[in-house]
Amino acid sequence: MSLSSPGIGSGLNVGDIVSKLMAVESQPLTLLNNKEASYQATLSAYGNVSGALSSFQNALSALSDPAKFQGVLASSGDSSILTSSATSKAVAGSYNINITQLAQAQSLITSGQASVSTPVGGGASTTVTFQFGTIASNISGATLGASVASGGIAAGSLILNGTTIATSSSTNSAKALAAQINLLQSTTGVTATAQTTDTGALAYSAVTTGSGDAYSLVIGGTTIASIGANSSLSAAQLDSAIGTASAQLAASGITYTGTAAAGNLHFTKTDGSNLSVTQTLSGSASGGIAGLASGVPTDYLSSVSLSSSNPVVVAGSNPALAGLTAGTTQTGFVQDGTQTTGSVTIDSTNNSLQGIRDAINKANLGVTATIIGDGSANPNHLVLTSNKTGATSSMKIAVAGDSSISDLLAYGNMTQTIAAQNATLNVNGIAISSATNTVTGAIQGVTVNAAKVGSTSLAITRDTASVQTAINSLVTAYNAANKTLTSLTAYDPKTKTGGPLIGDSVVRTIKSQMAALLTSPIQGAAGSLTTLDQVGISFQKDGTLALDSTKLQTAITNNFGDIASLFSANGTTTDSLVSFVSSSGATKAGQYAVNVTSLATQGTLVGNAPPGLTITQGSNDQLSFTIDGVTASVNLVAGTYTASALAAQVQSAINGATALSSAGSSVTVGLNASNQLTITSNRYGSASKLTIVGNAATNLLGAAPTATTGADVVGTINGTAATGSGQFLTGAIGSPTEGLKLQISGGNPGARGTANFAQGYAYQLNNQINSYLGTSGLISGRTSGIDASVASIEKQRTDMTAQLADTQKRLLAQFTALDTTIASMQSTQSFLTQQLAQLASLK
């Protein structure tokens, strides 16, 4: 009978024996586990190293970008008047800004319609074309009547664009009238100019006086001549007298031309004030200036001229007193070539008021159409508003087709409710005009957002606070990273234990390389700052960094422009028309000479004959073109143009092509000295080229226009030929300047100064940490080796565990067999003992 449990038969503790034997057999496995734990601790420590370096790298990112050191702050004294922002091109300073007028968009309104859904007209296909530009209204008034000199212009006599001009009995000259009109210029949009007052040619004959007679001539309060009885005054004598009195006349603003002797004597006053001439003949005196009553002042008056960038509506109880005629005046339109001409078709499918509104809005023509009801019998008005503000965004609407649509929409039939106007402001005494209320360019690098009329201050300051914060963060982050690395490699004499990375060569290398970098001067810096110590950062005995805030502030105050090159990858140039654009990881720090062989040019197309000025639909209105590799077709607006107006129309039509604008290309169209059209691509370089065909091409450019392809800039950087693309020069591959990109925006061929490129501390440290943390970096190489060792241990453990299981099974089997054998032997012993005992009892 076999035993069911080892040791029961023999009394041996087989389980305990096998367990103790297995403990001895398992000692190599324990060693493997301990070794793996050590590796895992090292990996965890390297994880801490990576985390500390990543945190330090985050702090570096704030200083690696050159833009960090170019920040500028704009602060308005009254944000309800204006707000502002500034770019790196802005210069610190203080400005006084007075906003006198806000920009606004033109708005036109149609006559009222009874219904928004009733068709307008018969539904014939009608083309409505919108152009944008400046409306020039110029009115030359008639000479003011003699009654104005004595009685002025009665109140309410003159209304301009709905505004009553304040006239009265004191408005008795062209000068006074112009002054009253200009008082309301900001409301009416009308500027008045008093014309020169001119007596015209005065016919003079010699004066002869008898006994008791006398003669005198007074011009504008200045006595020119005065003779008594039995005398004479010839024309030559009068001319002499006028010459003698010329200084007095000039003091009164009076000038004269011609002579009495020649019969072309004129007296004038350029300010438009009245000019009074009084001639007195007493007794039987004869001669003098023909047509003048004796002893009665004769007042010569002038006229006013009106100008406006919008139509001028003249009204009032008696505008003729002001020399003006009631009605609306629009004498000219100058198209803005930078804005697109657009058309929409109105037919039987959309010829209601709401259909016209929807068609215009859908066409995206730069106009917004709405319908407003005023509650009258015909309440519905179509309102058209330009999407852009500014004087050059006034609308010119041409209608070809249904006469009812034309009656509704043609420009002269609509009423202007809001005039297009520019924003006007004064910056430190300099007058500025802007098409929008977002004013750029008035102060370089500064955008002013005008909100309302008023005066306030604007302060432009450098954003030094963010630089100080970033530098403080760098020092703090470095010290935190250094503390982590030091603690992981330190030995604690109290506990007599070392950190998990004590003696580790990788961490030692990282610490020494970072310290070496931070104590080395920056190469290629253009300014005076080349070391951290110059901005107050220095190493302490314990390996940490300390920041001297006073020293940093001094550097910011005195050398702010140089700090960027100390920390970031930054380029500077000595030529104002050569600018640093970018660099690559291959660009080496240094100072490099720039030499330009030839400048970049733009593609052009120049006509060989003046353009035909009449554009006829279907005959010579179509253009097909390829510009900078983009092909499109457009139609010109039919009409008769001046040469400059036609150039603007061609530019507007070409630039309005969606394919061209989507590609970021455009053209400028002008006239050369021979009055020929010149079309210039706004792109530079060998990709800049133009071809134009179509039935309008010959009319515009002649039979053989000259096409010139643009050229890329050609030059060298550091004496090595650079790659030119448009206006950009890029350093040659394999050279120290590889990846250094410069823009040559003008100037002359030849030596163009130097480009300095520096890789500052933050930039270099960032790259260095990338080399530590990257997939092929120091830390990755070290941890990959440890991971491989851990994997090897895992395999060894698996194999050893299997071996131990076999050993345990074998030992258990052996000792079980031994137990069985011993038990059997013990049983035999017991049997024999019993038998022997029985034998002994038989004796």
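Details of the structure are given in the entry above.
Residues numbered from 1 in each chain as written. Predicted model: local features only at pLDDT ≥ 70, side-chain atom pairs only at ≥ 80, totals over all residues. Heavy atoms only, no water.

Chemist: Quick question: what am I supposed to make of the overall build of the protein chain here?
Modeler: A tally of regular secondary structure across the protein chain gives 17 helices and 54 strands. Its C-alpha radius of gyration of 48 Å places the protein chain more than 25% over the 28 Å reference for a compact globule of 843 residues. C-alpha atoms of the protein chain, sized along the principal axes, occupy 215 × 75 × 60 Å. By the burial criterion, 40% of the 843 residues in the protein chain qualify as buried. Charge centroids of the protein chain, computed over 30 positive and 33 negative side chains, lie 17 Å from each other. (Helix = DSSP H or I, 4+ residues; strand = E, 2+ residues; numbered from the N terminus. Rg over C-alpha atoms; globule rule 2.2 N^0.38 Å. Buried < 20%, exposed > 50% of the residue type's maximum accessible area, 1.4 Å probe, protein only. Lys, Arg positive; Asp, Glu negative; His and termini not counted. Charge placed at Lys NZ, Arg CZ, Asp CG, Glu CD.)

Chemist: Looking at this structure, I do not really get the pairing of strand 40 (residues 602-606). What am I missing?
Modeler: Where a strand is regular, its side chains alternate between the two sheet faces. Of the two faces of strand 40, only one is covered, namely that formed by Gly603 and Leu605; the face formed by Gln602, Thr604 and Val606 stays uncovered. When strand 40 meets strand 48 (residues 706-708), the two strands line up antiparallel, connected through three bridges. Looking at strand 48, one finds that Val606 is bridged to Thr706. (Pairing = 2+ DSSP bridges.)

Chemist: What am I meant to see in the sheet that holds strand 51 (residues 723-725) here?
Modeler: Where strands meet in a sheet, backbone hydrogen bonds hold them as pairs that are either parallel or antiparallel. Reading across the sheet, the four strands line up as 38-53-52-51 and stay open at both edges, with antiparallel pairing between neighbours. Pairing within the sheet leaves two strands with one partner each, and these edge strands are strand 38 (578-582) and strand 51. Averaged over all pairs of adjacent strands, the angle between strand axes in this sheet comes to 30 degrees, irrespective of strand direction. Sheet topology places strand 51 next to strand 52 (residues 728-730); three bridges connect them, and they run antiparallel. In the strand pairing of strand 52, Ser725 is matched with Phe728. (Axes fitted to C-alpha atoms, helices over the stretch in contact; angles between N-to-C directions.)

Chemist: Would you explain the packing of helix 16 (residues 761-773) against helix 17 (residues 778-842) in this entry?
Modeler: Helix packing for two helices is described by the angle between their axes and how far apart those axes are. Remark: helix 16 packs on helix 17, axes separated minimally by 4 Å, with the N-to-C direction vectors making an angle of 10 degrees. What the angle tells us is that helix 16 and helix 17 run roughly parallel. Here helix 16 contributes Ser771, Tyr772 and Leu773 to the contact with helix 17, which in turn contributes Leu778, Ile779 and Ser780. When grouped by side-chain class, the residues that make up the contact of helix 16 with helix 17 number four nonpolar, two polar and no charged. (Parallel < 35°, antiparallel > 145°, perpendicular 65-115°, else oblique. Contact = heavy atoms within 4.5 Å. Nonpolar A, V, L, I, M, F, W, Y, C, P; charged D, E, K, R; others polar.)

Chemist: Please explain the packing of aromatic side chains as it appears in this structure.
Modeler: Aromatic rings considered in pairs are described by the distance between their centres and by the relative angle of their planes. Enumeration according to the criterion identifies five aromatic pairs in this entry. With centroids separated by 5.5 Å and ring planes inclined at 70 degrees, the aromatic side chains of Phe56 and Tyr478 adopt a geometry described as edge-to-face. One end of the pair, Phe56, is in helix 2 (residues 27-64); the other, Tyr478, is in helix 10 (residues 464-489), and 422 residues separate them in sequence. Seen in terms of ring centroids, Tyr256 and Phe267 are 6.4 Å apart; in terms of plane orientation they differ by 45 degrees. Their pairing is tilted. (Phe/Tyr/Trp six-rings, centres within 6.5 Å; stacked < 30°, edge-to-face > 60°.)

Chemist: What is the right way to read the sheet that holds strand 25 (residues 380-386) from this model?
Modeler: The strand order 24-25-4-27 describes an open sheet built from four strands, whose pairing is antiparallel. The outermost strands of the open sheet, each flanked by one partner alone, are strand 24 (367-373) and strand 27 (415-418). Within this sheet the neighbouring strands show an average axis-to-axis angle of 30 degrees, counted without direction. Across three bridges, strand 4 (residues 107-109) lies against strand 25 in antiparallel orientation. For Ser107, the partnering residue across the bridge sits in strand 25 and is Thr385. This element, helix 8 (residues 353-362), spans strand 24 and strand 25 of the sheet and lies at about 155 degrees to strand 24.

Chemist: Is there a simple way to think about the side chain of Ser305 in this case?
Modeler: When you line up the elements, Ser305 lands in strand 19 (residues 304-308). Look at Ser305 and you get buried, because its relative accessible area is 18%. A polar contact is formed between the side chain of Ser305 and the side chain of Gln195, at a distance of 2.9 Å. (Polar contact = N/O pair within 3.5 Å; in protein donor to acceptor, adjacent residues only side chain to side chain.)

Remember, this is a structural readout, not a statement about activity or role.
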